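A structural walkthrough
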Amino acid sequence: MELRLYDTLTREKRPFVPLDANNVRIYACGPTVYDFAHIGNGRAAIVFDVLFRVLRYRYGTGHVTYVRNITDVDDKINVRAARDYPGVPLNEAIRKVTELTYQQYQDDVTALGCLPPTVQPRATEHIPEMRAIIEKLVAGGFAYVAEDHVLFSPQAMNAVNSVLPRYGALSKRSLDEMIAGARVDVAPYKRDNTDFVLWKPSKPGEPSWPSPAGIAVEGRPGWHIECSAMAWKHLGEKFDIHGGGIDLVFPHHENELAQTCCAFHTDRMANVWMHNGFLQIESEKMSKSLGNFFTIRDLLADWPGEVLRLSMLKTHYRSPLDWTLKALKESEKTIEEWHEILGQSGSDAANLDSSNREIYPPLIEALYDDLNTAKAIAEVHSLRSAVVHSAGKGDVTAFGDVLELLGLYRGVNIAQQARELRQLDVDLVKVNELIAERTAARARKDFKESDRIRDELAAMGVAIKDGKDADGKPLTTWEVAR
Ligand code: AMP
Ligand code: ZN
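Residues numbered from 1 in each chain as written. Chains lettered and ligands numbered in written order. Predicted model: local features only at pLDDT ≥ 70, side-chain atom pairs only at ≥ 80, totals over all residues. Heavy atoms only, no water.

1. Thoughts on the coordination of the zinc ion (ligand 2)
All of the protein donors around the zinc ion (ligand 2) are Cys29 (SG), Cys227 (SG), His252 (NE2) and Glu256 (OE); their distances to the metal are 2.0 to 2.6 Å. Seen from the zinc ion (ligand 2), its 4 donor atoms lie at angles of 73 to 131°, and the figure they make is irregular. Spacing between the donor residues of the zinc ion (ligand 2) along the chain follows C-x197-C-x24-H-x3-E. Linking Cys227 in helix α7 (residues 223–235) with Glu256 in helix α8 (residues 249–264), this pair joins segments that are 29 residues apart in sequence. (Donors = N, O, S within 2.8 Å, 3.2 Å for Na, K, Ca; no water. Tetrahedral: all angles 85-135°; square planar, octahedral: opposite > 155°, others 65-115°. Helix = DSSP H or I, 4+ residues; strand = E, 2+ residues; numbered from the N terminus.)

2. Concerning the nonpolar core
Of all hydrophobic cores here, the largest spans 70 residues; its most connected members are Leu55, Trp323 and Leu363. Those residues within four positions of Leu55 in sequence are excluded, and the remaining contacts are Leu3, Phe16, Val24, Ile26, Gly60, Val64 and Ile241. By size, the runner-up hydrophobic cluster in this structure holds 43 residues, among which are Trp199, Ala258, Cys262 and Met269. (Core = buried A, V, L, I, M, F, W, Y, C linked by side-chain atoms within 4.5 Å. Buried < 20%, exposed > 50% of the residue type's maximum accessible area, 1.4 Å probe, protein only. Contact = heavy atoms within 4.5 Å.)

3. Here we look at a negative patch on the surface
Where like charges cluster on the molecular surface, the negative patch consists of Asp298, Asp302, Asp425, Asp427, Glu433 and Glu437. Along the chain, the position of Asp427 falls in the loop between α15 (414–424) and α16 (428–443). (Patch = residues over 30% accessible without salt bridge, like charges linked within 9 Å, V, L, I, M, F, W, Y side chains within 5 Å. Areas by Shrake-Rupley, 256 points an atom, 1.4 Å probe, with all protein chains shown as cover. Salt bridge = Lys/Arg side-chain N within 4 Å of Asp/Glu carboxyl O. Lys, Arg positive; Asp, Glu negative; His and termini not counted. Charge placed at Lys NZ, Arg CZ, Asp CG, Glu CD.)

4. Brief notes about the site of ligand 1
Ligand 1 sits among His38, Gly40, Asn41, Gly245, Asp247, Leu248, Asn276, Gly277, Phe278 and Leu279. Note that a nitrogen atom of ligand 1 is positioned 3.1 Å from one of the backbone N or O atoms of Gly40. Contact with the protein chains hides 78% of the accessible area of ligand 1, taken as 480 Å² for the molecule alone. Placement of ligand 1 is best described as lying within the second largest pocket. Of the residues that constitute the shell around ligand 1, the class distribution is 3 nonpolar, 6 polar and 1 charged. (Near = heavy atom within 4 Å. Polar contact = N/O pair within 3.5 Å; in protein donor to acceptor, adjacent residues only side chain to side chain. 1 Å grid on protein atoms, 1.4 Å probe; cavity = no way out; pocket = protein on both sides within 12 Å on 5 of 7 lines; lining within 4 Å. Sits in = over half its atoms within 2 Å of the grid points. Nonpolar A, V, L, I, M, F, W, Y, C, P; charged D, E, K, R; others polar.)

5. Structural notes on the packing of helix α4 (residues 127–139) against α7
Interaxial distance between α4 and α7 falls to 8 Å at its minimum, and their mutual angle equals 105°. By the angle between their directions, the pair α4 and α7 is classed as roughly perpendicular. Along the contact surface, α4 presents Glu129, Met130, Ala132, Ile133, Ile134 and Lys136, while α7 presents Ile225, Glu226, Ser228, Ala229, Trp232 and Lys233. Here the residues of the contact of α4 with α7 sort into 7 nonpolar, 1 polar and 4 charged. (Axes fitted to C-alpha atoms, helices over the stretch in contact; angles between N-to-C directions. Parallel < 35°, antiparallel > 145°, perpendicular 65-115°, else oblique.)

6. Quick look at the packing of α16 against helix α17 (residues 447–460)
Contact geometry of α16 with α17 gives a least axis separation of 8 Å together with a crossing angle of 160°. In terms of orientation, α16 and α17 fall into the roughly antiparallel class. Relative to α17, α16 is oriented so that their crossing is left-handed. Across the interface between the two elements, Lys430, Val431, Leu434, Ile435, Glu437, Arg438, Ala441 and Arg442 from α16 touch Phe447, Glu449, Ser450, Ile453, Arg454, Glu456, Leu457 and Met460 from α17. Of the residues that constitute the contact of α16 with α17, the class distribution is 8 nonpolar, 1 polar and 7 charged. (Left-handed = near helix turned anticlockwise from the far one by under 90°.)

7. Examining α16
Helix length check: α16, at 16 residues, gives a terminal C-alpha distance of 22 Å against a target of 22 Å (1.5 Å per residue), a fit within 8%. Within α16, burial applies to Leu428, Val431, Leu434, Ile435, Arg438 and Ala441. Projected down its long axis, α16 carries its buried residues within an arc of 155°, all on one side. Residues of α16 that are buried sit in contact with α9 (296–302), α15, α17, β13 (462–468) and β14 (474–480). (Expected span 1.5 Å × (residues − 1). Arc of directions from axis to C-beta.)

This is the structure we're talking about:
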């Protein structure tokens, strides 16, 4: 069966041929860590997790490298650090904000059924690679120094007649039109209004590093150069797939591509560019001012992660996704029905180690068609009907494999949990809230409070278990006390 993926650069769906089938390489732009991630951010995490899982199925678990970066240098982080940790030296406060937010993100996307990426590089740990790329760009005549900034010149790139792609090709913009259309209040240090920052001087107190290109004062990187540096370090000069949300096509990905291709004199950065569509809430743009802004954490208080994930998968990743309460309720019902099947033939019905088994071909066919998860979900419904009517043990295992591949079953039977909670007359929100409070108490080493919450849960009939997640971080799960 052929795997076909849609490429934003060429605007076509093509058979996917990896550069090296023993090491298929993907880069997805990850979060800027300054606050809880919202459910729109969750969509990107889930889409590229599905891609990662499909590639692991096709090429083997150990033959895919998935890099999702962490942007930990950004003005929004600085503002947050100064606000939340007044009196703490700014760099220390920044470290606190980024550590805490990164951990929150990790916990949230794990709850959404996302596997840990192979590498999660931090921008601040790749400053030498950024400097090296900037030096190459200056030496090649693609970038210049002005007033302690280093700027990239798209016009210099397009003046070169060689293997290099054209600036603007990814976002289908013409550089001439961009020049003509640009606003006039351009920063005085720019030669052209389309030039963008690779490096800039730091203000007093801001994080700073020794600058490249002979600049005497310390500075910090622009956003786009971070991803070029991290992708280069972990995936090489050219790799297979680069992904992110549709809003990143311009300028972020256009600029990453320009930097990388000009630094290494290559015709492309990635063979395929994949972008997920935006998520809206009840047909409206999600925004704080409209009061319809949801963090992943907010939603996890009310719904199991599998329910949120299924609500995402019902829409193809390139289409806009309308997030509605009605769809969430439907997903909850569906997940309960599906997990019920696994529960019926005993807890070992879904053997989670499906790595060597062939998975239901109609499901794979749908996923191989540019990750058509909407079709894949329809196939799960068909398989369910077949399993319900035959209900042999082999069929249930096959059904478990399908849910596991989609990240919709992680060893906890949601249907059974829901049923038992109803019997106890306890709701999931309350249990999740208490567990979150207890996790916070443990983090601040308030063990008296953590024990008190454990006892409160026990009195409700809920037993908790402290373990570790796939990353080795502490994770508390629960079950109804027997
Ligand atoms: P932001 O929180 O705006 O910095 O966005 C971080 C990432 O989330 C980017 O990759 C965006 O593409 C993605 N993103 C932001 N808002 C949405 C949304 N409403 N739907 C889907 N993706 C989004
Ligand atoms: Zn990026």
